[in-house]
Amino acid sequence: MPDIALEDTGEKPVTPTGREGGGIELPSSADLAARIDTMLRILASISDTAPEEGVTRLAFTPTERAAHDVVAGWFDEIGLTVRQDVAGNTIAEDAGTDSLQAIGTGSHLDSVPRGGRFDGIAGVVASVAVAQMLKEQGISHTHPFRFVVFAGEEGARFGQPCIGSKAVAGLWQPEHLDEVTDAEGVSLAEAMRLVGLEPGRIAEASWRDKDWGAFVELHVEQGAVLETQGSLLGIVDLISGSTRFEIDVAGRASHSGSTPMSLRADALSAAAEITLVAEELANDSRHRGTRCTVGKLTVFPGSITTIPGRAVVHLDVRDVDSARQRQTANQIVRRAELIAERRGVTLEVRLRSDTSPVVLPTWIRQVITEACQEHTDRWRVMSSGASHDTQLVNTVIPSGLLFVPSRGGLSHVPEEWSSAADIARGSEVLLNALLKLDAHPHLT
Ligand code: GLV
Ligand code: MN
Ligand code: MN
């Protein structure tokens, strides 16, 4: 595999398209946590798997679109102007008293297969709650406030994370949308067309920095730092990057009974060794902080009585250190090549996505810190192990990320849980942070 290079940047104009609501009434209880709880329940019910199997709402499926429609309907009900961009992001605007750069907040609604009901959704629900509080309390602001629901944040379907936010960052070329495919071979461009989007016009989803001043995302932590430290809020300074790739191992399929051990080229045994090498490298003290995961292993032909002739190892390497992230990925490939040579199998390596770690701007962090301090002294600064839309948005406009606790640190599983009270607190802090940005000298 050639050494992995960094991505390019670019900016293009925005062209909105119209959007209709989802027809589910906005919860209006006087209690913020109760409203949040109701919104979470409604969104959790929009899933391709049964409730006990967790939420399945993959990127660019009709199910993801249905969730966008519901939230678009809620923003509409609050009285905001709602539109969908060509990449499938839903954007609602509450006009400011002046025509200044917008201040944004938001997150995503898609999930991993059999995932949780909070990852991304907490930030979207917090955005709706903030928009509702602004209207109900008649809070005026000079900058327009924009509430964004990003499309396709999870890399689960296409191996490519943050598809919608990558579009707003102007980092997609239309031809790349044809090259990225899901496990069924459906290209991202085709998937987008099937839900009525326009991949050929992806560049038009780009945000221009003259239109946008700052962005803050609320997200569940997806780890156990806040809970174990007794903190209620996390202010993120650093977001891990990820390099995702597949090592496709080709061996020789044959009969499991009649083929002597000495005459085998077992693709799965080689894949198993590669998996352990990835774990070994991440556990090496020189890689402190690197996380390597084989989250998927596909074996062919997949019969108990046939030696596997092919195995595909799906790898995810994450780090807060950009160079170490790419070096680790390259080291896994070099070690895999040695394993392949020794075992008489061949390899093909395909890079699926490569995102750099991001240091978030100090001044936005400071604004979020002040907003937290006004609510509680139980906050801390921390890094994020997971990827976030904020990472991509920050390439265009200064951005920040606020965490609320996750029970037991579990995420991407049905057991994922954050309390509505914690998300309500986070929503109030988020509103406070947006209002502080509205008055911030950097944005006036
Ligand atoms: C998103 O949740 C990711 O980091 O995979
Ligand atoms: Mn997320
Ligand atoms: Mn996720």
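Predicted model, so just to flag it, every value in this text is computed and none were measured. (Residues numbered from 1 in each chain as written. Chains lettered and ligands numbered in written order. Predicted model: local features only at pLDDT ≥ 70, side-chain atom pairs only at ≥ 80, totals over all residues. Heavy atoms only, no water.)

## Notes on helix α8 (residues 267-283)
Inference 1: Between its first and last C-alpha, α8 extends 25 Å over 17 residues, near the 24 Å set by a 1.5 Å rise per residue.
Inference 2: Considering only its buried residues, α8 is in contact with β7 (241-250), β9 (291-300), β11 (310-319), α9 (322-343) and β12 (346-355). (Helix = DSSP H or I, 4+ residues; strand = E, 2+ residues; numbered from the N terminus. Expected span 1.5 Å × (residues − 1). Contact = heavy atoms within 4.5 Å.)

## A few points about the domain arrangement of the protein chain
Inference 1: Looking at the assigned domains, one finds that the protein chain contains domain 1 (12-240 + 357-443) and domain 2 (241-355).
Inference 2: Inter-centroid distance (C-alpha atoms) of domain 1 to domain 2 is 34 Å.
Inference 3: Taken together, the 17 residues of domain 1 in the interface contact 15 residues of domain 2.
Inference 4: Each partner contributes to the roughly 1,100 Å² buried at the junction of domain 1 and domain 2, and carbon and sulfur atoms together form 47% of this total.
Inference 5: In this assembly, domain 1 and domain 2 are joined by zero salt bridges.
Inference 6: If you look at where domain 1 meets domain 2, you find eight residue pairs in polar contact (both at pLDDT 80 or more).
Inference 7: Of the residues assigned to the side of domain 1 that touches domain 2, the class counts are eight nonpolar, nine polar and no charged. (Domains from an automatic or database assignment. Buried area = accessible area lost by both parts, 1.4 Å probe. Salt bridge = Lys/Arg side-chain N within 4 Å of Asp/Glu carboxyl O. Polar contact = N/O pair within 3.5 Å; in protein donor to acceptor, adjacent residues only side chain to side chain. Nonpolar A, V, L, I, M, F, W, Y, C, P; charged D, E, K, R; others polar.)

## Notes on the sheet that holds β9
By definition, the strands of a sheet pair up through backbone hydrogen bonds, in either a parallel or an antiparallel sense.
Inference 1: If you trace the four strands from one edge of the open sheet to the other, you get β9-β11-β7-β12, paired in antiparallel fashion. The open sheet is flanked by β9 and β12, the only strands paired with a single partner. Averaged over neighbouring strand pairs, the angle between their axes works out to 15° when direction is ignored.
Inference 2: Sheet topology note: the β9/β11 ladder contains nine bridges and is antiparallel. Note on β11: the bridge partner recorded for K296 is H314.
Inference 3: Along the sheet, α9 makes contact with β7, β9, β11 and β12, crossing β7 at roughly 10°. (Pairing = 2+ DSSP bridges. Axes fitted to C-alpha atoms, helices over the stretch in contact; angles between N-to-C directions.)

## Details of the environment of D98
Inference 1: Examined against the element boundaries, D98 turns out to sit in the loop between β2 (90-94) and β3 (102-108).
Inference 2: In this structure D98 comes out as partly exposed when scored by relative accessible area, which is 40%.
Inference 3: In contact with D98, other than residues within four places in its own chain, are T142 and P144. (Buried < 20%, exposed > 50% of the residue type's maximum accessible area, 1.4 Å probe, protein only.)

## Side note on the packing of aromatic side chains
Within a pair of aromatic rings, the relevant descriptors are the distance that separates the centres and the angle that separates the planes.
Inference 1: Per the stated rule, a full pass over the model turns up six aromatic pairs.
Inference 2: Relative to W417, the ring of F118 lies with its centre 5.0 Å away and its plane at 70°, an arrangement referred to as edge-to-face. Residue F118 is found in the loop between β3 and α3 (121-136), and its partner W417 is found in the loop between β15 (399-404) and α12 (420-438); the two are separated by 299 residues along the sequence.
Inference 3: Accessibility expressed as a relative area gives 2% for F118, which makes it buried.
Inference 4: Here R146 stacks its cationic end above the ring of W212, 4.6 Å away from the centre of that ring.
Inference 5: One residue, K166, lies across the ring of W172, its end atom 4.2 Å from the ring centre. (Phe/Tyr/Trp six-rings, centres within 6.5 Å; stacked < 30°, edge-to-face > 60°. Lys NZ or Arg CZ within 6 Å of the ring centre and 35° of its normal.)

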